[in-house]
Amino acid sequence: MTSPAVSSRALPHPEHDEIRLEDVLHALSEPMRLRIVRELAAASGELSCSHFDLPVTKSTTTHHFRVLRESGVIRQVYRGTAKMNGLRRDDLEELFPGLLDALLDAAGRQAGRLAP
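Residues numbered from 1 in each chain as written. Predicted model: local features only at pLDDT ≥ 70, side-chain atom pairs only at ≥ 80, totals over all residues. Heavy atoms only, no water.

Caption draft 1: Inspection of the overall build of the protein at higher detail. When its secondary structure is counted, the protein shows five helices and three strands. Listing each helix as α and each strand as β along the protein from the N terminus yields α-α-β-α-β-β-α-α. Against the 2.2 N^0.38 benchmark of 13 Å for 116 residues, the protein shows a C-alpha radius of gyration of 14 Å, consistent with a compact globule. Every one of the 116 residues in the protein was classed for burial, and the buried ones make up 36%. A fraction of 66% describes how many contacts in the protein between residues 6 or more apart in sequence connect residues 24 or more apart. Split by element, the accessible area of the protein, about 7200 Å² in all, is 54% carbon and sulfur. Put simply, the protein has 15 plus and 16 minus side-chain charges, and the middle of one group is 7 Å from the middle of the other. (Helix = DSSP H or I, 4+ residues; strand = E, 2+ residues; numbered from the N terminus. Rg over C-alpha atoms; globule rule 2.2 N^0.38 Å. Buried < 20%, exposed > 50% of the residue type's maximum accessible area, 1.4 Å probe, protein only. Contact = heavy atoms within 4.5 Å. Areas by Shrake-Rupley, 256 points an atom, 1.4 Å probe, with all protein chains shown as cover. Lys, Arg positive; Asp, Glu negative; His and termini not counted. Charge placed at Lys NZ, Arg CZ, Asp CG, Glu CD.)

Caption draft 2: Here's a closer look at the pairing of strand 3 (residues 82–87). The buried count for strand 3 comes to five of six residues, which makes it a mostly enclosed element. Pairing of strand 1 (residues 47–48) with strand 3 involves two bridges; the strand directions are antiparallel. Bridging across to strand 3, L47 finds its partner in N85. A loop of two residues connects strand 2 (residues 74–79) with strand 3, the two strands running antiparallel in sequence, and G80 in this loop sits at a positive phi of about 65 degrees. (Pairing = 2+ DSSP bridges.)

Keep in mind that these numbers describe shape and distance, not what the molecule does.
Structure representation (structure tokens):
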């Protein structure tokens, strides 16, 4: 079995034991980043950066993905020319049991409450 081609442009990620609660909470405290994480959580696999239609500039979108990656919330890998994003659910669940699901649930309830 062969794995998908991964570019040599590896992106830095914190190791499992380097993920800190305050970094995760900071990353998820921004509405656009929380939106990205909600979409990743609802997906069955990785999503490319171009999948996300955020109402911000490309450079701001890149910044949001970098904050999420550097905090340990997502993993990013290049597959060909696409930068693919996946939620690090297993790492987060092991380190902070129930946190991600509680935050996603609360975000969903808030979105429903604030919807026009």
